[in-house]
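# Architecture at a glance
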Amino acid sequence: MPAVQETVDRVKRIDVDQYRYGFETLIESDKAPKGLSEDTVRFISAKKNEPAWMLEWRLEAFRRWLTMTEPTWARVNYPKIDYQDLYYYSAPKPKKQIGSLDEIDPEILKTYEKLGIPLREVEVLEGVVRPEGERRIAVDAVFDSVSVATTFQKELKAAGVIFMPISEAIREHPELVQKYLGTVVPTSDNYFATLNSAVFSDGSFVYVPPGVRCPMELSTYFRINERNTGQFERTLIIADKGAYVSYLEGCTAPQRDENQLHAAVVELVTHDDAEIKYSTVQNWYPGNSEGVGGIYNFVTKRGDCRGNNSKISWTQVETGSAITWKYPSCILRGDNSRGEFYSIAISNGHQQVDSGTKMIHLGKNTTSRIISKGIAAGVSQNTYRGLVTAHRKATGARNFTACDSLLIGDKCGAHTVPYVEAKNSSATFEHEATTSKISEDVLFYCVQRGLSQEEAVGLVVNGFVKDVLQQLPMEFAVEAQKLISISLEGSVG
Amino acid sequence: MNVAVAKKETGRALSDSFAIARDRLPGSGKVAEARSAAFAAFDRVGLPNRRIEDWKYTDLRALLREVLPPAPAPDAAALSRAAEAVRLRAIKGVRRLVLVDGVFAAKLSELGGLEKGLAVRTLRDVLEAGDAALQAQLLAPDNSNPMVALNSAMMTDGVVVEIADGVVLKQPLHVVHVASGTAPTARFTRSLLRLGKAAGATLVESYIAADGARAYQVHDSLLVTIGDHSRLDHVRLVEDSDDAANICSVVVTLGARAHLNTFGMASGAAVSRYQATIAFAGEHSRVETNGVNLLNGRQHADTTMVMDHAVPNCASREVFRAVVDDRAHSVFQGRIIVRPHAQKTDAKMMTRALLLSDEAEADNKPELEIFADDVTCGHGATTGALDESLLFYLRARGLSEKEAQALLIQAFVGEAIESIVSDELRELVVAAARRWLEARQ
């Protein structure tokens, strides 16, 4: 079945030409010389006042990167990237030492205000008493290569939560960084992750101590502003025994003719009984309707459920970027650990999305769930690529996968490339694309109470992702919610 | 380092045997040129390894190590052993065409009283003296697949069957591949079946071993064209000896309003790979393809299917079942391609694996590649063990553990087997499955 008109209109509304975050902020910036060499790596490390071990770590990654070749297996086409034609470091020029939020360049603050990111701790400053239980969000804002502000530092500190730019964490908590950095995504992992290890400039670091439930949402907001820059951020989140943290990530960039490179690495570690919920609204500039410009988004995200009964949940709403190459994964190492992946990927215009997940079952009784919805319009290509594998010793492993795609127009493509590997008999894997099979009894229950099959499916899918979507910090949350409720009629695979 | 050296050495051994065999292989001129080009294509890559995406789960470099030298033509003793094997597996009411060690055995085949409109020739004859169009068709397969290229270079014999327009064969054709030579050697065969318009046929293929045949390799390929309004029923049984290898490539092209119903079962061979490409060239055609793997010991069986919807209004159904015991390994890779403008395509694929032992492995890769919007495509894949509660139910009613398992396994593979239209052939397959289950007990 082709898509109904309502669906077509809804998708049109978020068309590439209407990118609303495409403005540019004019501020002076401090850049590293163009190009990539050991000197660039040393320059970045020196800018960040890093200890010697960190520089060594970067250089090792850089030398390894030189021996690697760019992967070509994904279903994306782009002109060869000239890695020497990029700036690897760009920071808003500091007018003076920043002591408080008031001293941040007002231009940058204005940028974030325009984006709807509440950076100023207005309520705190004005002593406004907030009702108990109301949600607040601590934000770490990354502008080009550096983190410009992190809010609610004090309150988080009182709870014992460390939330700071990773460049600061390297200086202030070297023992934690050294213990965890590169243990989930090793420096040799893949071409883009290795490049990131060599030249990452900033990103967020979160450590939640044992038994602590992080008192508020944590959020990082990435903005690429400078021309010809690559943004390489690195995020490291650790939830110690019994801890819980929910983390949100948002990204936008100005509209430019040339392509900008974004190669991030995100590492998550959960110990026994801990949980991390990681949500992304990726809204990088996708290029114009002719396919000129846009961000190349080559991201490595991986979570390691190291402890028993731990849980990692990835939620992503992908609407931006000219190219998306992203596979948030879970290594289910601890017994009874759980991995989740909920994704909505919308491609329009000339966008190319190759995204999916890996669920690697190593521990006993590990469970995972993958819900992926791809919507392709225009002349875009939207690919789901996923792996579910159970190791010999992963007895009782269970996975449920449902990936649906919707095509709007006959010039786009939707593709599904799942790998399902079972190496022991007690593993139970279900992979399906037929929407009517999402959960027969739940559907039956809904239909019995008067909902149509489609409404019931919509309700079920919404139920999975709703609580995450509602917490998204940007106005985009509303849009995303609308997209989620797009009826599943005409779904293919 | 060792692997690289080993690869070179086996590569050289094969180059030598190709150089020696080349003059004796049927066909000259264009055919010989095509053989050399195909061999060069194979030689560039060698046996495919797991770094090649299509061979990710079936690393022939590790599983086969080398391509064995071509088998010599069967002598009288080999032929009589083959005759005995054929007799044991004979199917009633079919026209038998037998290939022994890669050579057509006229004595064991039934060539008398051919129905009107049915022509049967050997590949050797066609390559040596056939018309150019037929030769071109035989040499058409894509040499970018190394195992197809190897087959194109080395093929010695096979059957070339043509069914004229409007002819519906009453008697099924049964092509039997018998391995009879006692030395570990390879057989390279290629067959072709051409159905004209509004024609119909049933083709049964079986792969068996005569007494004494061991550690041999079968490299086979089959080309099928189904004309407009024609129908082909196809059943394929791999019952090679448990130390043999069976690598088979199939290319099917369907015209308009054509119908293909195909079923394959692999219970024999240590290593088997069945790679099929089914392409729709005319509208309103339909394909049902079904498969069962019954594996134990250290068997490795791979089914790789490409369903190419190049035109609108066609339907395809794929049902695949794997039963994997001991340390066996079953692989299913299915790809549905819906090309631009192939609107109203209706394609479904379902693959399920049943793991009976903790060391068994099943890998599924059901892919969709869709470039048209007005289509319904779906796939499903499940992997799991036998349902404990069902087993308990049966045990509570007095069945032994093995009996209960056998009953559930039969039901599990039944869905794929049911698709066979002919009662006799279905019974034959059910009996083969039952033999496998009985051997388990």
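Residues numbered from 1 in each chain as written. Chains lettered and ligands numbered in written order. Predicted model: local features only at pLDDT ≥ 70, side-chain atom pairs only at ≥ 80, totals over all residues.

Another aspect to go through is the overall build of chain A. Of regular secondary structure, chain A possesses twelve helices and 25 strands. Of all 493 residues assigned to chain A, the portion counted as buried reaches 55%. Of all intrachain contacts in chain A linking residues separated by at least 6 positions in sequence, the fraction that spans at least 24 positions is 83%. (Helix = DSSP H or I, 4+ residues; strand = E, 2+ residues; numbered from the N terminus. Buried ≥ 20, exposed ≤ 12 C-beta atoms within 10 Å, placed from the backbone. Contact = placed C-beta atoms within 7 Å.)

A word on the overall build of chain B. Scanning chain B from terminus to terminus reveals ten helices and 19 strands. Relative to the compact-globule value of 22 Å for 441 residues, chain B shows a C-alpha radius of gyration of 21 Å, a close match. Taken across its 441 residues, chain B has 54% of its residues classed as buried. Look at the contacts in chain B between residues 6 or more apart in sequence, and 83% of them connect residues 24 or more apart. (Rg over C-alpha atoms; globule rule 2.2 N^0.38 Å.)

Formed by 242 residues in total, the largest nonpolar core has its most connected members in Val-206 and Val-245 of chain A together with Ala-82, Val-178, Val-324 and Val-338 of chain B. A total of seven residues in this core trace back to one element, the largest contributor, which is strand 10 (residues 245–254) of chain B. Ignoring any residue separated from it by four or fewer positions in sequence, one finds Val-206 of chain A in contact with Ile-162, Phe-163, Leu-218, Ile-237, Ile-238, Val-245 and Tyr-247 of chain A. (Core = buried A, V, L, I, M, F, W, Y, C linked by C-beta atoms within 7 Å.)

This next bit is on the interface of chain A and chain B. Many descriptions give the size of an interface as the accessible area lost when the pieces come together. Listed per partner, the contact involves 30 residues of chain A and 32 residues of chain B. Secondary structure elements with two or more residues in the side of chain A that touches chain B: strand 24 (413–422) and strand 25 (428–432) of chain A. Take the side of chain A that touches chain B: its biggest share by element is ten residues, from strand 24 of chain A. Looking at side-chain class alone, the side of chain A that touches chain B contains 14 nonpolar, eleven polar and five charged residues. Where strand 25 of chain A meets strand 19 (residues 376–384) of chain B, four bridges bridge the pair, whose relative direction is antiparallel. Looking at the pairing, His-431 of chain A lines up with Ala-381 of chain B of strand 19 of chain B. (Nonpolar A, V, L, I, M, F, W, Y, C, P; charged D, E, K, R; others polar. Pairing = 2+ DSSP bridges.)

A few words now on unusual backbone geometry. Residue and element names in this part refer to chain B. Of note in this structure, His-284 is not a glycine but carries a positive phi near 60°. Look at His-284 and you get partly exposed, because 17 C-beta atoms sit within 10 Å. Phi is positive for Asn-313, which is not a glycine, with a value near 65°. Tracing the sequence through the fold places Asn-313 in the loop between strand 14 (300–309) and strand 15 (315–324). In this structure Asn-313 comes out as partly exposed when scored by C-beta crowding, with 18 C-beta atoms within 10 Å.

Residues and elements named next belong to chain A. In the contact formed by helix 3 (residues 52–66) and helix 9 (residues 191–199), the axes pass within 7 Å of each other and the chain directions differ by 145°. Here helix 3 runs over helix 9; the crossing is left-handed. Contact residues: Arg-58, Ala-61, Phe-62, Arg-64 and Trp-65 in helix 3; Thr-194, Leu-195, Ser-197 and Ala-198 in helix 9. When the residues that make up the contact of helix 3 with helix 9 are grouped by side-chain class, the tally is five nonpolar, two polar and two charged. (Axes fitted to C-alpha atoms, helices over the stretch in contact; angles between N-to-C directions. Left-handed = near helix turned anticlockwise from the far one by under 90°.)

What follows concerns the confidence of the model for chain B. Low pLDDT marks regions whose predicted coordinates should not be analysed in detail. For chain B, the mean per-residue pLDDT works out to 92, and 97% of the residues sit at or above 70. When the criterion is pLDDT under 50, residues 1–7 of chain B qualifies, and its contacts beyond four places in sequence or with other chains add up to two contacts. (pLDDT = per-residue confidence, 0-100.)

This part takes up the packing of helix 9 (residues 401–417) of chain B against helix 10 (residues 423–440) of chain B. All names here are of chain B. Across the interface, helix 9 lies against helix 10 with an axial gap of 10 Å and an inter-helix angle of 150°. With respect to each other, helix 9 and helix 10 are oriented roughly antiparallel. In this structure, the crossing between helix 9 and helix 10 has a hand that is right-handed. On helix 10, the residues touching Lys-402, Ala-406, Ile-409, Gln-410, Val-413 and Ile-417 of helix 9 are Arg-426, Val-429, Val-430, Ala-433, Leu-437 and Arg-440. Among the residues making up the contact of helix 9 with helix 10, the classes are represented as eight nonpolar, one polar and three charged. (Parallel < 35°, antiparallel > 145°, perpendicular 65-115°, else oblique.)

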